[in-house]
Amino acid sequence: MGRMLNALSQRDLELGPARDVEPTGHFRVAKDDNGVVWMVLDRTDKRVNTIDRPVLEELAGHIERFEKERPAAIVIRSGKAAGFAAGADINQFVGASTAEIKAALDQGHQVLDRLAALPCRTIAVVHGHCLGAGLELALACDRRIAVSDASLGFPEVMLGLHPGLGGTFRAPSIADPVEAMTMMLTGRAMPAKRARSIGLVDAVVEERHVAAAVEAAFYGDLRKKSPSLQARAMGYKPGRQFAARQMRKKTAEKARQENYPAPFKLIDLWEEHGGNPRAMQRAEIDSFAELIETETSKNLVRVFFLREKMKGLKDGSSGVKHLHVVGAGAMGGEIAAWAAGQGFKVTLGDIKLEPIGGAVKKAAKMLEKVLKDPLKVRDALDRLIPDPDGLGISHADLVIEAVPEKIELKHKIYAAIEPQLKEGALLATNTSALPLADLAAGLKDPSRFVGLHFFNPVSRMQLVEIVSHDRISSETARRATAFAAEISRLPAPVGSAPGFLVNRALTPYMAEALVLLDEGIPKERIDLRAEEFGMPMGPIELTDQVGLDIALDVATSLRERLGENTLPPAPDWLTKMVEEKRLGRKTGRGLYDYDDEGKPKKIAPEALPDNSKDDPDMIDRLILPMLNAVVACIDEGVITDEEIVDGAMIFGTGFAPYRGGPVHYARQRGIDGIVQRMKDLAAKHGPRFEPHPGWERLKG
Amino acid sequence: MNSRPVYLVDGARTPFIKARGRPGPFTPVDLAVQCGRPLLLRQGFPVAAIDLVVLGCVNVVADEMNPARVASLRLGISDEIPAFTVQINCGSGMQSVDTAFRYIERGTHEIVLAGGAEALSHSPLVLRRGAVEWFAALNRAKSVGERAGMFAKLKPDYLKPVIGLERGLTDPITDLNMGQTAEILAHLFDVSRRNADAYAIESHRRLGEATKNGWLKDEMLPAVARDGKVYDHDDGIRPGTTVKDLGKLRPAFEKPYGKVTPGNSSQITDGASWTILASEAAVEKYGLKPLARIVDSDWAGLDPSIMGLGPVTSTAPILKRQNISVADIDLWELNEAFAAQVLSCVAAFDQPDVTDGVLGLEGRGGRIGHDRLNVDGGAIALGHPVGTSGNRITLHLANAMKRLGKKRGIATECIGGGLGGAMLLEAA
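Treat the numbers as computed from the prediction; the structure is a model and nothing was measured.

Visitor: Kindly report on helix α19 (residues 474-486) of chain A, identifying the contributing residues and their values.
Guide: Residues and elements named next belong to chain A. The end-to-end C-alpha distance of α19 is 18 Å, a good match for the 18 Å that 13 residues give at a rise of 1.5 Å each. What α19 keeps buried is the set Thr476, Ala477, Arg479, Ala480, Thr481, Phe483 and Ala484. Check the buried side of α19 and you find it contacts β14 (398-401), β15 (426-429), β16 (449-454), β17 (463-467) and β18 (490-494). Taken from the residues just after α19, serine 488 is the one with a positive phi, measuring 60°.

Structure follows, in C-alpha cells:
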C-alpha cells in the first residue's frame, strides 16, 4: 500500500455518529439525527473483538436502556479493522464447571433474546471476520449487512463443539437450513457473497456504501430473501430426516462419530427440533454444555492453544522481505510458491530452467486453489521470479537451500552463495536428513545458518521445524522462527538430531506397517486401524505419499544413525520396488495402485476375505514406537517443550488432534501402562519396542 | 543547448515468440513483467531510484489500458512513480527511449525505465460493421417474436470476424498494406526477389550465429509461462533455410508478380524489451557501467506509401546536425520490416539524388556495407513485435557496439503511416 492510501485508509470505516464519541467500556454508542443508534464494538483490551461475558453484560445494559428509550433503529458494528468479531473467548471455558458454563450460556442467550425482541429495527453491519459468537450476535439482529470483505462462519466444530449462543437455531431459520447446517458442520467460513446467496446476510455492500445500506435497512427497502421450497420442506420432520441422513453420511466421510461427536450431535439436534426454535435453543444449551465436557473438545481446545503457543514463538519481525530459494524441486518450488502467496518477493533458482517452469506451473495451481481471487494469484505469481542466474541471492534477506540430500552438493552451493549474501542475510537449509553441524562446516559465518524444515505439501502442512545447531546465533533462530510465523506456518524449534522430531517419530510408524504387511495383514486393514485411531492417513498410504524412495532413504539413514535396535530393517522387496521405480503415488504405483486423480485403489474393509490376517496388537505396534521416538526426542533434548512437541506432531503429521497430541495421549493413557505394554511387545517382536529410558523421566 | 549526457546502462528483452494463430502465453504487460523482473534484479541501483517508466505499445489489450502503468505496478515499482505509454506505431519502443533521453537530458530525471511491449497474437478479432449493428438491434429487441425475427436477418458473414491485426498493418490514408509499400520500394529501387531472399537468409544465419555464440545471453532473458512452459529462444529463427527454399514461397501481398513473401518479411511475434537510461550523476552514484551514450535522436515523415524509407529520412537530420556522414557510422541497426525495404534504404543512402537532392545531406550519404548492417540479424529472423522493435534495436545496437568495440552506431526504423525514427549512440 502506498503512502497516500495508507494515510487515507484510517478514514474508511463507516462508524456513523459514533465516529468521534468516547467509548463507554467496550462500546462506543451515539445517536444520529434520525434517532438511529450506532453501537460500535471496540474492545479496549484486545486488538480483535471477542464476545465474552463482560461484552454481553455491557450489551445487556445498553439493551435495557433501549427497551425504555426506544430508538428508531440500532446499528451494531465493529470498530476494529480486522473484522466484526472473532467469536467467543475460548479462555472463558477453560477450567469452568458445567454449572458455570450453563449459567453463562443461559445469561448469554437471554441477552441475545432481548436484543432480538427489541421493537425497533436492529441492523448488524459485519466486515472482516464474523465468526462463532460474533455471527450469533449478528444473527440476533433483524437485518445483516455484510461488507464485501466479510468472512462468516461457525468454527466451533473445530473445537469439538457446535454453536452455543443461539447459532444452531437462528442460522437455519434465517438462512437456507441445509446450507446453514453445512456451514456449522464443516466449520468453514464463507465469503460475503455466498452468505448473501444462502440468505445468511441481506445485502453485500462496499464499505463506502454502508451508511446508505443502513438507511435502506432502516426504511425497509432491504428485503429478506424468501425461503425456497426446499428450505420450507425443512420445517417438517420428514424433510429434515431425509436431509439429516445425507449430512450424517457426508460428515462420516470426514470424521468418525466416536472420535468427533459434535457434528453428529448437531445433526440430531436439528433433525429433532428443527421446526421449533424454543425447543432447539434449550437443546442447544444442554448439548453444548455436554460437549464441552468431552475429552475430544478439551483436547481440541488444547490444540487451539497449542497453535496459539506456536504462533506466539514469534518474537519480533524476521526482517525478511526477499526470499531466495535454491532448488526448484518439489520442496523448493512449494516453499517459494507458498512464500510468494504470503506476500514475499521470492526468487527461485535452479541450474536448469525446466524445473523452475514445473515449479511455476504447480505454484499457479496451488495459488489458484488457496488465494482464489485471480488478481491475488497474478500478483503472487509476479512476486515469484524464476532466477536461473541466482541474481536474487545478493538481494535476499533469507536464502533457503532445497537441493537433493547430498552433502558435497550442499557444501558446493554454500560456498558459492555465502560470499554473495548481503549483510544480515540468513542462510537456511530444508534438509530432513543431514546433520546441521556437518552442513555448517566450511561456512565462514555459521552463526547465520539454520534449518527450516518444511513438510510436503507446504500449502497443507502447517509445521516448520526450526533446526538449530551448536554455532547458530540466537538472533538467527529468532528470525527464522519469526519468518515461519510470518508465512502463516507454525514453527517448532528442534535440535539437529537424526530425523529431527517429525521424521524420527513417523519412521517407526511406517516401518512397522511394512513389517505388518510382511506378516500377511492386508494393507487396507493396517491403514484402517490407524485411521480409526485418528491418524489422517494410514501408514501404508503415507509411505506411498512420501515416496518409497524417500521413505527407504530416511529409514535406512535413521537406522544407521540411531542403531539397529530402534527400527526394523527395510524389507528387501522395498528396495526392489524402488529399483523398479514403483515409488508410490508420484509414479501411479507403489504399495497401492493409483487412479488418474491420484487416489489409491483400496479394497473396502468389509470386502476383505474373512480369513485374512489380523493382529490385535496392531494399533499399539504402530503407535507406541512413534510415542517412543517422541519420548526419546524429549529426553535427548531435541525438543524440550512438551506442548510444542504435541503441536508439532499434530501440525506436522496430523497425529489424531482429538487426542491432543502424543505426549498428552501418553499421559492420559498412563505412562506405566505404556511402558509395560512396550516391554511385552519387545518380548514378542524384538528390541525395537524396548521403552526408551526417557519414559521414566517423563513421569517426573 | 544546455543538456546533460545520457547513458543507456542496461536492458533486456524476452525471447520473441511467433504468433501461431491464437493468443500466445503472454499479454503485452506479462511480457514486460517477464523481462523486467530479472533486469531489475541485476541492477546496481535500488528499484526506488527509478523516476519514470515509459513503455511503447501499439496493440494495447482491453484489460491493460496504459500498459506502462500496469507493468510498473506489477514489477513492484512504487505507486508514486509515474508511468505512461507512448505510441508511434512501429517506432513506439524507440519513442520510449527518446522520451526517457529527453527527460534525463533536461535534468529533471536521473533513471528512467523505457521499453516496448507487444503481443500481436493477442490482437482482437473485430466484428464487421453490419454484425455490430445486428447485435445492437438484437439487444433492443424486446419480445421473443422480435428476437426470432432478428435471427432471420443474421447473415453468415456477420460471424466471420475481421482480424484486427490485418487492419492494423494497413495504412488508412492509402489503404495499402505494409507489404504493398515494400513492393513499391522494391520497384522504385529495383530490388530483385532473389536479393531480397538472400538478405532474409543472411538475417537468419546471423541471428543463429549470435545466439549460438552466446552474444544474446544478457540481452535475451528466458520467460516462464503459467503453464510451466519455458521460452528461452527466438522461435521464428530458421538458420538452415536456403535461397531455394525461400524461392518456393508465393508472394504474400501482391499475387502473382510481387516480390514480398512471408520468407523475406519480418515475422509476426510477441515480445517485450526494456532499456534503462541514466544520467551521469546516477552512473557515478551507483557505479553503473554504461553500454553506450545516447547522442541524438530524431523523427521524420514521408508519404505513407513509401513509409519503408523512414530510416533514410529520419537519419538525415542527425547526420547534418552532428556533421557526420554515413561512412562515420560503424554499426547500423535498421529494422527489418521487409528485406526489400532494408535494401531500398541501403540503396537510397547511396543515391545522391535522394541524399543530397531531397534530404540536403551535402555529400554525407554513402554505401552502408553489409558488415556494418544488422550484424546479428533482425526482424526477418526473430520477428517484429511492432511496439517492441525500436527498443530492441536500440538495445542491441548498444550491446553490439560494446562487443565489437565500435565508436558510433545508429538504430533506425521505418514506421507504418510514413514515418521514421533514428537514434545515434556513441561508445560510453
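Visitor: Any chance you could break down the UniProt feature "domain: 3-hydroxyacyl-CoA dehydrogenase NAD binding" (unreviewed entry) in chain A for me, citing the residues and the numbers?
Guide: Taking the UniProt record as the reference, the feature "domain: 3-hydroxyacyl-CoA dehydrogenase NAD binding" (unreviewed entry) is found at residues 324-494 of chain A. Taken end to end, residues 324-494 of chain A has its terminal C-alpha atoms 23 Å apart, with 41% of it in helix and 20% in strand.

Visitor: Describe the sheet that holds strand β4 (residues 83-85) of chain A, with residues and values.
Guide: What holds strands together in a sheet is hydrogen bonding between their backbones, with the strands either parallel or antiparallel. Residue and element names in this part refer to chain A. The strand order across the open sheet formed by 4 strands is β4-β6-β8-β9, and the pairing between neighbours is mixed. The sheet is open, and its two edges are formed by β4 and β9 (190-191), each paired on a single side. Relative to β9, strand β8 (residues 151-153) is paired through 2 bridges, and the arrangement is antiparallel. Bridging from a neighbouring strand, serine 151 pairs with proline 191 of β9.

Visitor: Which residues make up the pairing of strand β3 (residues 52-56) of chain B, and what are the values?
Guide: Residue and element names in this part refer to chain B. Counting buried residues along β3, 5 of its 5 residues qualify, which places the element largely inside the surrounding structure. Burial along β3 is two-sided: the face carrying Leu52, Val54 and Gly56 and the face carrying Val53 and Leu55 are both buried. Bridge count for β3 against strand β5 (residues 111-119) is 5 bridges, and the pairing is parallel. If you follow leucine 55 over to β5, its bridge partner there is glycine 115. Note that β3 and strand β4 (residues 83-86) share 4 bridges and pair parallel. Residue pairing across strands places leucine 55 opposite threonine 85, the latter belonging to β4. Crossover β3 to β4 through helix α2 (residues 67-74) is right-handed.

Visitor: Kindly report on the interface of chain A and chain B, identifying the contributing residues and their values.
Guide: As a measure of interface size, the accessible area lost when the parts come together is often cited. Taken together, the contact between chain A and chain B spans 20 residues of the former and 18 residues of the latter. Those elements giving two or more residues to the side of chain A that touches chain B turn out to be β12 (345-349), α15 (353-371), α16 (374-383) and β13 (384-386) of chain A. When residues in the side of chain A that touches chain B are grouped by element, the largest group, 8 residues, is from α15 of chain A. Its residues assigned to classes, the side of chain A that touches chain B shows 9 nonpolar, 6 polar and 5 charged.

Visitor: Quick rundown of the UniProt feature "active site" (unreviewed entry) in chain B? Include the residues and the values.
Guide: Residues and elements named next belong to chain B. What UniProt calls "active site" (unreviewed entry) maps, in this numbering, to Cys90, His384 and Cys414. Spatially, the listed residues are clustered: although they cover 325 residues, their C-alpha atoms lie within 11.8 Å of one another. Relative to the elements of secondary structure, histidine 384 occurs in the loop between α14 (379-382) and α15 (386-404). Discounting residues that sit within four places of it in the chain, histidine 384 has contacts with Ser266, Gln267, Thr269, Ala337, Ala379 and Ser389. Within the fold, cysteine 414 resides in strand β15 (residues 408-415). A tally of 35 C-beta atoms within 10 Å means that cysteine 414 is categorised as buried. If we skip the residues at most four places from it in the chain, cysteine 414 touches Cys90, Met307, Gly308, Leu309, Gly310, Pro311, Asn335, Ala337, Gln341 and Gly420.

Visitor: Please give an account of the confidence of the model for chain B that cites residues and values.
Guide: This prediction gives chain B a mean pLDDT of 94; 99% of its residues lie at or above 70. Across the interface, the model reports ipTM at 0.92; the global pTM reads 0.93.

Visitor: Give a description of the environment of alanine 629 of chain A that names residues and reports values.
Guide: All names here are of chain A. In this fold, alanine 629 is placed in helix α25 (residues 618-635). The buried category is assigned to alanine 629, around which 26 C-beta atoms lie within 10 Å. The residues touching alanine 629, leaving out its near neighbours within four places in the chain, are Arg504, Ala505 and Pro508.

Visitor: Give me the lowdown on the nonpolar core, citing residues and values where you can.
Guide: Judged by nonpolar contacts, the single largest core of 351 residues is most densely connected at Val75, Leu384, Val399, Leu501 and Val630 of chain A together with Leu277 of chain B. In terms of residue count, α25 of chain A provides more of this core than any other element does, 12 residues in total. Not counting chain neighbours up to four residues away, the residues in contact with leucine 501 of chain A comprise Glu465, Ala492, Val494, Cys633, Val638, Ile639, Val645 and Ala648 of chain A.

Visitor: Summarise the domain arrangement of chain A; cite the residues concerned and give the values.
Guide: Splitting chain A by domain gives domain 1 (2-293), domain 2 (322-494) and domain 3 (503-637 + 670-699). With centres defined by C-alpha atoms, the gap from domain 1 of chain A to domain 2 of chain A works out at 41 Å.

Visitor: Residue-level account of the packing of helix α23 (residues 548-562) of chain A against helix α24 (residues 572-579) of chain A, with values.
Guide: Residues and elements named next belong to chain A. The N-to-C vectors of α23 and α24 enclose an angle of 135°; their axes lie 9 Å apart at closest approach. One element, α23, and the other, α24, form an angle in the oblique class. Crossing hand, α23 versus α24: left-handed. Facing α23, whose interface residues are Leu548, Asp549 and Leu552, α24 presents Leu574, Thr575, Met577 and Val578. In the contact of α23 with α24, the residues fall into 5 nonpolar, 1 polar and 1 charged.

Visitor: Which residues make up the sheet that holds strand β3 (residues 73-78) of chain A, and what values go with them?
Guide: Residue and element names in this part refer to chain A. Strand order in the open sheet formed by 6 strands is β1-β2-β3-β5-β7-β10, and the pairing between neighbours is mixed. Sheet topology places β1 (27-31) and β10 (203-205) at the edges, where each strand pairs with a single neighbour. Strand after strand, the sheet turns through a mean of 20° between neighbouring axes, direction not considered. Alignment of β1 against strand β2 (residues 36-41), held across 5 bridges, turns out to be antiparallel. Looking at the pairing, valine 29 lines up with methionine 39 of β2.

Visitor: Could you give me a rundown of the packing of helix α21 (residues 523-533) of chain A against helix α22 (residues 539-546) of chain A, with the residues and numbers involved?
Guide: Residues and elements named next belong to chain A. As a packed pair, α21 and α22 sit with axes 7 Å apart at the nearest point and diverge in direction by 100°. Between α21 and α22, the angle falls in the class roughly perpendicular. Residues Lys523, Ile526, Asp527 and Ala530 of α21 lie in contact with α22, whose contacting residues are Pro539, Ile540 and Glu541. A per-class count over the contact of α21 with α22 returns 4 nonpolar, no polar and 3 charged.

Visitor: Run through the UniProt feature "domain: 3-hydroxyacyl-CoA dehydrogenase C-terminal" (unreviewed entry) in chain A, naming residues and quoting values.
Guide: Under the feature "domain: 3-hydroxyacyl-CoA dehydrogenase C-terminal" (unreviewed entry), the UniProt entry names residues 499-594 of chain A. Segment residues 499-594 of chain A splits into 61% helix and 0% strand. End C-alpha atoms: 28 Å apart.

Rules of the game
- Residues numbered from 1 in each chain as written.
- Chains lettered and ligands numbered in written order.
- Predicted model: local features only at pLDDT ≥ 70, side-chain atom pairs only at ≥ 80, totals over all residues.
- Helix = DSSP H or I, 4+ residues; strand = E, 2+ residues; numbered from the N terminus.
- Expected span 1.5 Å × (residues − 1).
- Buried ≥ 20, exposed ≤ 12 C-beta atoms within 10 Å, placed from the backbone.
- Contact = placed C-beta atoms within 7 Å.
- UniProt positions renumbered as here; feature names shortened; annotations may be inferred.
- Pairing = 2+ DSSP bridges.
- Right-handed = clockwise from strand over helix to strand, strands pointing away.
- Nonpolar A, V, L, I, M, F, W, Y, C, P; charged D, E, K, R; others polar.
- pLDDT = per-residue confidence, 0-100.
- Core = buried A, V, L, I, M, F, W, Y, C linked by C-beta atoms within 7 Å.
- Domains from an automatic or database assignment.
- Axes fitted to C-alpha atoms, helices over the stretch in contact; angles between N-to-C directions.
- Parallel < 35°, antiparallel > 145°, perpendicular 65-115°, else oblique.
- Left-handed = near helix turned anticlockwise from the far one by under 90°.

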